Amino acid sequence: MQDVSISDPIDIDKDGNSITLMDIVQDDENILDSIDLSIQSQKLYQFIEQHLEPRERKILTYRYGLYNVRPLPQREVAQKLQISRSYVSRIEKKAIEKLKDYFNDNRSSYGY
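Residues numbered from 1 in each chain as written. Predicted model: local features only at pLDDT ≥ 70, side-chain atom pairs only at ≥ 80, totals over all residues. Heavy atoms only, no water.

Draft legend 1. Representation of the overall build of the protein chain within the structure. Along the backbone of the protein chain there are four helices and two strands. In the protein chain, buried positions account for 22% of the 112 residues. In the protein chain, the proportion of contacts linking residues at least 24 apart, taken out of those at least 6 apart, comes to 35%. Carbon together with sulfur atoms contributes 50% to the accessible area of the protein chain, which is approximately 8600 Å² in total. (Helix = DSSP H or I, 4+ residues; strand = E, 2+ residues; numbered from the N terminus. Buried < 20%, exposed > 50% of the residue type's maximum accessible area, 1.4 Å probe, protein only. Contact = heavy atoms within 4.5 Å. Areas by Shrake-Rupley, 256 points an atom, 1.4 Å probe, with all protein chains shown as cover.)

Following this line, the structure appears as structure tokens:
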């Protein structure tokens, strides 16, 4: 029986480059990470739609670039919504706390 290293070539790709077991394992891990991220993103958007007030949704959308919107600093969000920057900050903090509570509750119920 021969020892095999995770970095030993096991095959060659179509361009003639060596493929190692490490290459395959890393791809599987990336796929799992991508799936987990996708599921968490879907949960986030669903929660935002169902549980946040319209103004909270707008502020988080503008601040964090949700729904393919360019992220903006609080000052610009305040100008856009014609409210004070400190009010934007308070609403943002309240909405983020709701999100944290939701995700922390769901993690504990799933055993994470």
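Draft legend 2. Region of the structure containing helix α3 (residues 74–81). Taken residue by residue, α3 has Q74, V77, A78 and L81 as its buried positions. Down the axis of α3, the buried side of the element spans an arc of 100°, and every buried residue falls inside it. Looking one or two places after α3, you find Q82, whose phi comes out positive at around 55°. (Arc of directions from axis to C-beta.)

Draft legend 3. Main features of the packing of helix α2 (residues 54–64) against α3. For the pair α2 and α3, interaxial distance at closest approach is 9 Å and the crossing angle is 135°. By the criterion of interaxial angle, the relationship of α2 to α3 is oblique. With respect to the hand of their crossing, α2 and α3 are arranged in right-handed fashion. Between α2, through K58, I59, Y62 and R63, and α3, the contact on the second element is made entirely by Q74, V77, K80 and L81. (Axes fitted to C-alpha atoms, helices over the stretch in contact; angles between N-to-C directions. Parallel < 35°, antiparallel > 145°, perpendicular 65-115°, else oblique. Left-handed = near helix turned anticlockwise from the far one by under 90°.)

Draft legend 4. Main features of the packing of aromatic side chains. Per the counting criterion, the structure on display carries three aromatic pairs. Pairing Y45 with Y67 gives two aromatic rings, centres 4.8 Å apart and planes at 70°, and the pair type is edge-to-face. Here the residue Y45 occupies a position in helix α1 (residues 21–51), and Y67 occupies one in the loop between α2 and α3, the gap between them amounting to 22 residues. Given the relative accessible area of 36%, Y67 is considered partly exposed. These aromatic residues form a ring-pair network of at least three members: F47, Y102 and F103. Note that R63 overlies the ring of Y64, its terminal NZ or CZ placed 5.7 Å from the centroid. (Phe/Tyr/Trp six-rings, centres within 6.5 Å; stacked < 30°, edge-to-face > 60°. Lys NZ or Arg CZ within 6 Å of the ring centre and 35° of its normal.)

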